[in-house]
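Geometric and topological summary
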Amino acid sequence: MPPAPMPTNRGPAGPSTAEKLKMGAMMGGTVGVIIGFIFGTVNIFRYGAGTNGIMRTLGQYMAGSGATFGFFMGIGSVIRTDASPIAAEAFARAQRRPYIMAAQQAYRPHSK
């Protein structure tokens, strides 16, 4: 069976808002888990694991940090990509090459 024809009147499509939310949450969750591992390990070395044991205490640090940072990173990635057309146009204007203006003749009064 041949593949379905692609529409030709559309430009390149980027990721949807939900995909951007998932991507931001995954990146933030990954960074949060790593930071939770580092901080959890330091705190276990300094203060001990307590009654929960080493693995459970470390897992709580990692899960809490990963969930918190993933949540805020996901929301931030959606907010950042949900720009108004005015802001997008201003950004495009700022990124284009400047116009080269012709030099103007300096004003010099006639000396007598």
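Our structure's up above, just so we're on the same page.
A few points on the structure.

The next subject is the packing of helix H1 (residues 17-47) against helix H2 (residues 54-81). Where H1 contacts H2, the two axes come as close as 5 Å, and the packing angle between them is 150°. Regarding H1 and H2, the two cross each other, and that crossing is right-handed. In the contact of H1 with H2, the residues fall into 16 nonpolar, 16 polar and one charged.

With respect to the secondary-structure elements, Ser 77 resides in helix H2. With relative accessibility at 17%, the residue Ser 77 sits in the buried group. Within the local environment of Ser 77, its side chain forms a polar contact with the backbone oxygen of Gly 74, the two atoms lying 2.8 Å apart. Other than its neighbours up to four places away in sequence, Ser 77 contacts Lys 20, Leu 21 and Gly 24.

Between its terminal C-alpha atoms H1 stretches 43 Å, which fits the 45 Å expected from 31 residues at 1.5 Å a residue. Among all positions in H1, only Gly 24, Gly 28, Gly 29, Gly 32, Gly 36, Gly 40 and Ile 44 are buried. Where the residues of H1 are buried, they touch H2. Where H1 ends, the next residue or the one after it, Gly 48, has phi of about 90°, a positive value.

Conventions used here
- Residues numbered from 1 in each chain as written.
- Predicted model: local features only at pLDDT ≥ 70, side-chain atom pairs only at ≥ 80, totals over all residues.
- Heavy atoms only, no water.
- Axes fitted to C-alpha atoms, helices over the stretch in contact; angles between N-to-C directions.
- Helix = DSSP H or I, 4+ residues; strand = E, 2+ residues; numbered from the N terminus.
- Left-handed = near helix turned anticlockwise from the far one by under 90°.
- Nonpolar A, V, L, I, M, F, W, Y, C, P; charged D, E, K, R; others polar.
- Buried < 20%, exposed > 50% of the residue type's maximum accessible area, 1.4 Å probe, protein only.
- Polar contact = N/O pair within 3.5 Å; in protein donor to acceptor, adjacent residues only side chain to side chain.
- Contact = heavy atoms within 4.5 Å.
- Expected span 1.5 Å × (residues − 1).

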